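The chain contents come next:
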Amino acid sequence: MRNKCCKWTVYLITAGAMALAGVVYGQERNAATAQLQWDRCLICHGKPGLKKVLPNGRIISLYVDRDQLARSVHSKRRCEECHTDITTIPHKGEIKKVDCRHCHYKGSPMGVPDTEKYLEYEESVHGRAVKEGNPKAAICQDCHGAHDVLPPTDPASHVFKLHVPQTCGRCHLKEYSDYSKGVHGKQLHEGNMDMPSCVDCHGEHRIYRPTDEKSTVYATHVPETCSKCHAAKQIVGKYGLSPERVETYKESFHGIATEFGEKRAANCASCHGYHAILPSSDPESPIYVTNIPKTCGKCHPNANLNYARGSIHVNPKSKESGVVYYVSTFFRYFTTLVILGLIIHILLDIYRRIRLRLEKEKS
Amino acid sequence: MKPAETIERFNRNLRIQHFILMISMIMLSLTGLALKFHDTWLGRLLMAIEGGFGMRGIIHRTFALILIGLGVYHFYYILFRKEGHEEFLRIVPRGKDVRDFVQYLRFSILGKGEPPKAGKYDFRQKFQYWGVVAGFWVMVITGFVLWFESAAMAVLPKWFIDVTLVFHGYEGLLIFLVLFLYHLYNVHLNPDHFPMSRVWLDGKISLEQLKKEHPLEYEELFSGAPSSEEEREGGHRAQ
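Residues numbered from 1 in each chain as written. Chains lettered and ligands numbered in written order. Predicted model: local features only at pLDDT ≥ 70, side-chain atom pairs only at ≥ 80, totals over all residues.

Things to note about the overall build of chain A
- Each helix and strand counted, chain A has 17 helices and two strands in total.
- For chain A, the C-alpha radius of gyration of 33 Å lies well beyond 21 Å, the compact-globule estimate for 363 residues.
- Taken along its principal axes, the extent of the C-alpha atoms in chain A is 115 × 80 × 40 Å.
- Summarising the internal contacts of chain A: among those between residues at least 6 apart in sequence, 40% fall at separations of at least 24. (Helix = DSSP H or I, 4+ residues; strand = E, 2+ residues; numbered from the N terminus. Rg over C-alpha atoms; globule rule 2.2 N^0.38 Å. Contact = placed C-beta atoms within 7 Å.)

Right under this line is the structure:
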């Protein structure tokens, strides 16, 4: 009996070792042979001049840079692992765009990053547009690259923070141009990694229209999105920003309305703009003093320069707020005093009653 | 104990005015506090009960209009209605009220002398009435500025609106506290009236209580003290 047990154990260990070796060997073989296998395709696709005219007249390059592919995260993949509809040379039939979901899905055994992002993309404005048949909508390779996919942390990646605006800007030209004029864009272009790129406000895969309640830039979600940096001590301290901007907004009528889902109320972007955000000292800024009537006038008919007399972000508890501070301080003391007086009055009343009763009992 | 003899202290008109004032004060307080304490669980609860941010504002302004309507009527009542005008003359503050207050303090704290003798309205009641009048004007004026902020800002600078908002918020809180702390103590928790003074419901006060709390009025009514014929009519007997 004991012998039998031993035998089975040896079998199992051997089988396990063989399976492991097989996997390791397989991967090694895969890596070594994948790039050899590219040669067959690169006979044609390795020529920089290889182009194709699409039925709509557009000319696309069919050139594949071997070195670029070898540096990418897909350096161990054979061509037809992605281009699954290529089965013969010369190719027959319609050749479709590569569908990354062959490997990239939640729970995939292919050793890809196991995240929810694939599903998030499908629900996003881009994913939905693709599903609805919009040929222009961004698919994975539009942002991540095709043969040059790199991890987002790699400075050469299309989705490396400093490159995100250009990547999004390939389709969103107007937004890119506005963003580049704003404080965030200008400094990001100079290499400042603290600055938000497109995805810091809009989300990465979870991008929705600003009118969609799920969006991070939906009217009532804007304050929270901006507060990620503008209420963060690290950022506020480093750039000398006012530490109370978010808090004072939240205490304002606009802020309270927004908090309770009133999307007509002004949020950060309503006054400060969004892509081309500029400091109040810049004459182009919507909050530059002479632009205030126009900016406030979007909601308040006939707004005039009175809207610029005083500050918008008011903290009644801060001395800088002037009259507002003194009035609110007066009221805080006054209310406390009145209430104290009334409480004393009530206590006196009770005291008098007790004394009267005691005197009655005595007599 | 046989039922005490009573007389009518508040006529039906005044009771209805008081009832409308009470309802509008409660509603204005609840909707106002929801905004002032929006960042606490209480504020969020009130806001939810009141149907959200927009609805809260509509309720607040509706009851503000009801209160203003009451104020306009009250103004008419005390100026042009005989009964109202006579009642108003009794609640006008006089030098006696200050003396009564001092006498009250001497009596309560030092235990010297007698408690002050009050007429129909003692100095506390006058203080409450005039507190409501002052609060009414502050709240209505600042409230209108905030309600029609775009029109107001045609002439007023932004900082003035901020001051107005602070005024409206704190004055509202003050009125709320005075009403719910002091007024409710006087008419509910006060051992003489516990659990509740019934004046606001049927307008009646017992003669025993009248004699105790408003001795001058009692004298005026029953011991033939010099007083005008109308005043006798105003406090006509019942039962």
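Focus: the overall build of chain B
- A tally of helices and strands in chain B yields 12 helices and two strands.
- Going from the N terminus to the C terminus, chain B shows its helices and strands as β-α-α-α-α-α-α-α-α-α-β-α-α-α.
- Projected onto its principal axes, the C-alpha positions of chain B cover 60 × 40 × 35 Å.
- Per-residue burial for chain B yields a buried fraction of 22% across its 239 residues.
- Sequence separation of at least 24 residues holds for 63% of the intrachain contacts in chain B that already meet a minimum separation of 6. (Buried ≥ 20, exposed ≤ 12 C-beta atoms within 10 Å, placed from the backbone.)

Things to note about the packing of helix H1 (residues 12-36) of chain B against helix H2 (residues 41-49) of chain B
Residues and elements named next belong to chain B.
- Packing of H1 against H2 brings their axes to within 8 Å, and their N-to-C directions diverge by 125°. If you check the angle between H1 and H2, you find them oblique. Read as a crossing pair, H1 and H2 show a hand that is left-handed. Along the contact surface, H1 presents Leu30, Leu33 and Ala34, while H2 presents Gly43, Leu46 and Met47.
- Classifying every residue of the contact of H1 with H2 gives five nonpolar, one polar and no charged. (Axes fitted to C-alpha atoms, helices over the stretch in contact; angles between N-to-C directions. Parallel < 35°, antiparallel > 145°, perpendicular 65-115°, else oblique. Left-handed = near helix turned anticlockwise from the far one by under 90°. Nonpolar A, V, L, I, M, F, W, Y, C, P; charged D, E, K, R; others polar.)

A short note on unusual backbone geometry
- Between Ile89(A) and the following residue, Pro90(A), the backbone shows a cis peptide bond with an omega angle of -5°.
- Following Phe194(B), the chain continues into Pro195(B) via a peptide bond in cis, with omega recorded as 0°.
- Summarising the element assignment, Pro195(B) is placed in the loop between helix H8 (158-189) and helix H9 (199-202).

Details of the interface of chain A and chain B
- Across the boundary between the two partners, chain A contributes 31 residues, which contact 28 residues of chain B.
- Contributions of two or more residues to the side of chain A that touches chain B are made by helix H14 (253-259) and helix H17 (323-362) of chain A.
- The element best represented in the side of chain A that touches chain B is H17(A), accounting for 14 residues.
- Looking at the side of chain A that touches chain B, its residues break down into 17 nonpolar, nine polar and five charged.

Describing the environment of Asp122(B)
Residues and elements named next belong to chain B.
- Position of Asp122 among the secondary structure elements: in the loop between helix H5 (95-110) and helix H6 (123-147).
- Judged by C-beta crowding, with 19 C-beta atoms within 10 Å, Asp122 ranks as partly exposed.
- It is 7.4 Å that separates the C-alpha atoms of Asp122 and Asp97, two residues lying 25 residues apart in sequence.

What to know about H1(B)
- Look at H1(B): 35 Å from first C-alpha to last across 25 residues, which is about the 36 Å you get at 1.5 Å a residue.
- Buried residues of H1(B): Ser24(B), Leu28(B), Ser29(B), Thr31(B), Gly32(B), Ala34(B) and Leu35(B), and no others.
- Next to the buried residues of H1(B) lie H14 of chain A together with H2, helix H3 (52-80) and H8 of chain B. (Expected span 1.5 Å × (residues − 1).)

Some details on the environment of His18(B)
Residue and element names in this part refer to chain B.
- Following the sequence through the fold, His18 ends up in helix H1.
- Residue His18 is classed as partly exposed on the basis of its C-beta count, with 16 C-beta atoms lying within 10 Å.
- Sequence spacing of His18 and Leu201 is 183 residues, and the spatial spacing of their C-alpha atoms is 9.7 Å.

So, the packing of H1(B) against H3(B)
Residue and element names in this part refer to chain B.
- The contact between H1 and H3 brings their axes to 9 Å, and the two run at 150°. In terms of their interaxial angle, H1 and H3 are classed as roughly antiparallel. H3 is crossed by H1, and the crossing has left-handed handedness. Taking contact as the criterion, the partners of Gln17, Ile20, Leu21, Ser24, Met27, Leu28, Thr31, Gly32, Ala34 and Leu35 in H1 are, on H3, Arg56, Ile59, His60, Phe63, Ala64, Ile66, Leu67, Leu70 and His74.
- Here the residues of the contact of H1 with H3 are counted per class, giving 12 nonpolar, six polar and one charged.

A look at the environment of Lys174(A)
- Among the structural elements, Lys174(A) can be located in helix H8 (residues 173-181).
- For the pair Lys174(A) and Phe334(A), spaced 160 residues apart in sequence, the C-alpha to C-alpha distance is 55 Å.

A word on the confidence of the model for chain B
All names here are of chain B.
- In the predicted model, chain B carries a mean pLDDT of 88, and 92% of its residues have values of at least 70.
- Here helix H12 (residues 229-234) stands out as the element of chain B with the lowest mean pLDDT, 40, in contrast to H3, whose mean of 97 is the highest.
- Below a pLDDT of 50 lies the segment residues 226-239, which in the model reaches 18 contacts outside its immediate sequence neighbourhood of four places, other chains included.
- For this predicted complex, the interface confidence reaches an ipTM of 0.82, while the overall pTM sits at 0.81. (pLDDT = per-residue confidence, 0-100.)

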